[in-house]
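The primary structure of each chain is shown beneath.
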Amino acid sequence: DAKTTQPTSMDCAEGRAANLPCNHSTISGNEYVYWYRQIHSQGPQYIIHGLKNNETNEMASLIITEDRKSSTLILPHATLRDTAVYYCIVSLFQGGSEKLVFGKGTKLTVNP
Amino acid sequence: DGGITQSPKYLFRKEGQNVTLSCEQNLNHDAMYWYRQDPGQGLRLIYYSQIVNDFQKGDIAEGYSVSREKKESFPLTVTSAQKNPTAFYLCASSPPGTGAYEQYFGPGTRLTVT
């Protein structure tokens, strides 16, 4: 089972910031939070990941709360092409390797 | 261009037939993965391979088989034992030393079994 909880869907106006929340209250101290997105009928695309500190790259920003029990992915200026399902993932260590466990994600719709 | 290719994009088979899905990468990645996605659901891990000639079962390996004879290739066979094979199948790979986060996904193969 996925170790994260996300809203099923969200809407955002084009040009505005999209803030996607994620709860991961059972996260362990050495587990990272990853964000991927999947545009309809394509393979998922890696966006960003973080452990404790806030992170930013050319695609998005990741804000992790101090207790690490939740995080928010921020798309600063959403475009129509950002419409996708966004997955918040806490990796699972199993059998000596780290694996991703995808939940159902949040379907973000960016409206014109 | 470097990347992951999966072929074909759409595949149709009759029930009771085995079918093999292709996954090739020219990224020189060590680890490769197979996922299954059903409508409205997240991805579920079928099999993964950290190195050539080695692979491990994921969460839903029953009815599937894989091989990893070459670094570039990780074919998935959907056998007749898989009770609900119709799904979208995704292959991914990751570079050495990056753990799980930097997985690069192929475009997927949509398998329909009737």
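Below, the structure is looked at part by part.

The rules behind these values
- Residues numbered from 1 in each chain as written.
- Chains lettered and ligands numbered in written order.
- Predicted model: local features only at pLDDT ≥ 70, side-chain atom pairs only at ≥ 80, totals over all residues.
- Heavy atoms only, no water.
- Helix = DSSP H or I, 4+ residues; strand = E, 2+ residues; numbered from the N terminus.
- Contact = heavy atoms within 4.5 Å.
- Pairing = 2+ DSSP bridges.
- Axes fitted to C-alpha atoms, helices over the stretch in contact; angles between N-to-C directions.
- Buried < 20%, exposed > 50% of the residue type's maximum accessible area, 1.4 Å probe, protein only.
- Polar contact = N/O pair within 3.5 Å; in protein donor to acceptor, adjacent residues only side chain to side chain.
- Salt bridge = Lys/Arg side-chain N within 4 Å of Asp/Glu carboxyl O.
- Nonpolar A, V, L, I, M, F, W, Y, C, P; charged D, E, K, R; others polar.
- Disulfide = S-S within 2.5 Å.

**What to know about the environment of Met59 of chain A**
Residues and elements named next belong to chain A.
Reasoning step 1: You can see Met59 is positioned in the loop between strand 5 (55-56) and strand 6 (61-64).
Reasoning step 2: In this structure, the C-alpha to C-alpha distance between Met59 and Ile74, residues 15 residues apart in sequence, is 9.0 Å.
Reasoning step 3: Apart from the residues lying within four places of it in its own chain, the contact partners of Met59 are Arg37, Gln45, Tyr46, Ile47, Leu75 and Pro76.

**Remarks on the sheet that holds strand 11 (residues 106-111) of chain A**
All names here are of chain A.
Reasoning step 1: Strands sit in the order 1-11-8-3-4 across an open sheet of five strands; the sheet is mixed. Here the strands that pair on one side only, and so sit at the sheet edges, are strand 1 (9-13) and strand 4 (45-50). Going from strand to strand, the sheet's axes swing by 25° on average, the running direction of each strand aside.
Reasoning step 2: Relative to strand 8 (residues 84-90), strand 3 (residues 33-38) is paired through six bridges, and the arrangement is antiparallel. Following the sheet pairing, Gln38 is matched in strand 8 by Val85.

**A few points about the pairing of strand 2 (residues 18-23) of chain A**
On any regular strand, side chains alternate: one points to one face of the sheet, the next to the other face.
All names here are of chain A.
Reasoning step 1: Burial along strand 2 is one-sided: the face carrying Ala18, Leu20 and Cys22 is buried and the face carrying Asn19, Pro21 and Asn23 is not.
Reasoning step 2: Taken together, the six bridges between strand 2 and strand 7 (residues 70-75) define a ladder with antiparallel strand orientation. From the neighbouring strand, Cys22 faces strand 7, where its bridge partner is Ser71.

**Considering the side chain of His24 of chain A**
Residue and element names in this part refer to chain A.
Reasoning step 1: Inspection of the secondary structure puts His24 in the loop between strand 2 and strand 3.
Reasoning step 2: At a separation of 2.8 Å, a polar atom in the side chain of His24 contacts the main-chain carbonyl oxygen of Arg68.
Reasoning step 3: Beyond its immediate stretch of four places on either side in the chain, His24 contacts Lys3, Thr4, Val33, Arg68, Lys69, Ser70, Ser71, Cys88 and Val90.

**Some remarks on the environment of His49 of chain A**
All names here are of chain A.
Reasoning step 1: Mapped onto the secondary structure, His49 falls in strand 4.
Reasoning step 2: Taking the C-alpha atoms as reference, His49 lies 13 Å from Arg68; in sequence the two are 19 residues apart.
Reasoning step 3: Polar contacts involving the side chain of His49 include one to the side chain of Tyr46, which spans 2.6 Å.

**Description of the interface of chain A and chain B**
Reasoning step 1: Taken together, the 18 residues of chain A in the interface contact 22 residues of chain B.
Reasoning step 2: The tally of links from chain A across to chain B stands at zero salt bridges.
Reasoning step 3: At the boundary of chain A with chain B, the tally comes to four residue pairs in polar contact (both at pLDDT 80 or more).
Reasoning step 4: Secondary-structure elements contributing two or more residues to the side of chain A that touches chain B are strand 3, strand 4 and strand 10 (97-99) of chain A.
Reasoning step 5: The residue inventory of the side of chain A that touches chain B, partitioned by class, reads seven nonpolar, eight polar and three charged.

**Digging into the state of the cysteines**
Reasoning step 1: For the coordinates displayed, the defined rule picks out two disulfides over all chains.
Reasoning step 2: Residue Cys22 of chain A pairs covalently with Cys88 of chain A via a disulfide, S to S 2.0 Å. Disulfide Cys22 of chain A-Cys88 of chain A: torsion about the S-S bond near -80°, hence left-handed. Residue Cys22 of chain A is located in strand 2, and its partner Cys88 of chain A is located in strand 8; the two are separated by 66 residues in the primary sequence.
Reasoning step 3: Classification of Cys88 of chain A as buried rests on a relative accessible area of 0%.
Reasoning step 4: Between Cys23 of chain B and Cys91 of chain B runs a disulfide, and the two sulfur atoms are separated by 1.8 Å. Given an S-S torsion of about -75°, the disulfide between Cys23 of chain B and Cys91 of chain B has left-handed geometry. Note that Cys23 of chain B is positioned in strand 3 (residues 19-25) and Cys91 of chain B in strand 9 (residues 87-94), a separation of 68 residues in sequence.
Reasoning step 5: For Cys23 of chain B, a relative accessible area of 0% puts it in the buried group.

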